[in-house]
Structure formats: C-alpha cells, structure tokens
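The chain contents come next:
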Amino acid sequence: QVQLVESGGGLVQAGDSLKLSCAVSGSIFRINSMGWYRQAPGKQRELVATVASSGSTNYADSVKGRFTISRDNAKNTVDLQMHSLKPEDTAVYYCKTSLYDRLGLFHYYWGQGTQVNVSA
C-alpha cells in the first residue's frame, strides 16, 4: 500500500506565501509523475502543477509565475511553493502521484487534501 501525506495548508492573506508538501511512502518501486491539484467549493478539481520524473514541469495558466513545484526523488516528496496568493486560490489542494509498486504494477494515488484559504 502507498500513503500520501500532505502538509502546509492554512489561512493566509492575499499577497502572502505558503508552501505545501507531500510525502509518498509505502510499496514503491518508481515514482513517475507528481503533482498538485485543487478543488474550490462548487467547482471541479483542476490541475495546478505537475513535475515528471525527468524534472519537467507543467503549470496551470492561473498560477504561472506565482507557484513553483519541486520534487525530491531521494525523499519521495513534492512541494508546491505558492507566492502572491489570491483569494481565488482558495481551495482544497490535493497531491497526486503515479508510480510503479514493487510488484511492477502501475497506480495513481491521491492524498486526502489540505485546505488553503486566502483572505482578501
């Protein structure tokens, strides 16, 4: 089994910064993609940023230039550094990973989510 543990959410003011972290543990052979998604009340879950095993990154247009995703392959962690936060960034942020387990099977896993609230 694989566990994703997220941390770093909270309540901040517009313009502030916040860092989210996600640690992946368990029966892991190789992690492929890691990423962050978010879901605001009444809206669908959307991609925020992803980082491939190669290190290549992809960002939603709404966060480009403000958010930075990074991963530590040795620790199986992925971080999301968020700057210049806006009220519209308020959402539950979910960590997602795709990986091969020790049996060679491919899986997608989601974290339980961490709440980010940005006040005006």
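Further up the page is the structure itself.
First, a word on what this report is: a plain description of the structure on this page. (Residues numbered from 1 in each chain as written. Predicted model: local features only at pLDDT ≥ 70, side-chain atom pairs only at ≥ 80, totals over all residues. Heavy atoms only, no water.)

## Looking at the overall build of the protein chain
Alright, step 1. Secondary structure assignment for the protein chain yields 0 helices and 11 strands.
Alright, step 2. Going from N to C terminus, the protein chain has its helices and strands arranged as β-β-β-β-β-β-β-β-β-β-β.
Alright, step 3. The C-alpha atoms of the protein chain give 14 Å as radius of gyration, which agrees with the globular expectation for 120 residues (14 Å, within 12%).
Alright, step 4. With the principal axes as the frame, the protein chain shows a C-alpha extent of 50 × 25 × 25 Å. (Helix = DSSP H or I, 4+ residues; strand = E, 2+ residues; numbered from the N terminus. Rg over C-alpha atoms; globule rule 2.2 N^0.38 Å.)

## Considerations on the pattern of salt bridges
Pairing of side chains with opposite charge becomes possible as their charged atoms draw close.
Alright, step 1. Going through the model one piece at a time under the given rule, you end up with 5 salt bridges.
Alright, step 2. Between D89 and R38 there is a salt bridge whose closest N-O contact spans 2.9 Å. Taken together, the residues span a long stretch of sequence, with D89 in the loop between strand 8 (77-82) and strand 9 (91-100) and R38 in strand 4 (residues 30-39) at a distance of 51 residues. The pair D89 / R38 is uniform in exposure class, with both members buried.
Alright, step 3. A salt bridge links D61 to K64, with the nearest nitrogen and oxygen atoms 3.1 Å apart. (Salt bridge = Lys/Arg side-chain N within 4 Å of Asp/Glu carboxyl O. Buried < 20%, exposed > 50% of the residue type's maximum accessible area, 1.4 Å probe, protein only.)

## Some thoughts on the packing of aromatic side chains
Alright, step 1. Considering all chains together, one arrives at 4 aromatic pairs under this definition.
Alright, step 2. Taken together, a centroid distance of 6.4 Å and an interplanar angle of 85 degrees make the contact between Y94 and W110 edge-to-face. On the criterion of sequence distance, the pair formed by Y94 in strand 9 and W110 in strand 10 (residues 106-110) is long-range, its members being 16 residues apart.
Alright, step 3. Of the residues examined, Y94 reaches a relative accessible area of 14% and is grouped as buried.
Alright, step 4. Overall, W110 belongs to the partly exposed group, its relative accessible area being 38%.
Alright, step 5. Stacked on the ring of Y94, the Lys or Arg R45 has its end atom at 3.6 Å from the ring centre.
Alright, step 6. For the cation-ring pair, R45 lies above W110, with the distance from its terminal atom to the ring centre recorded as 4.5 Å. (Phe/Tyr/Trp six-rings, centres within 6.5 Å; stacked < 30°, edge-to-face > 60°. Lys NZ or Arg CZ within 6 Å of the ring centre and 35° of its normal.)

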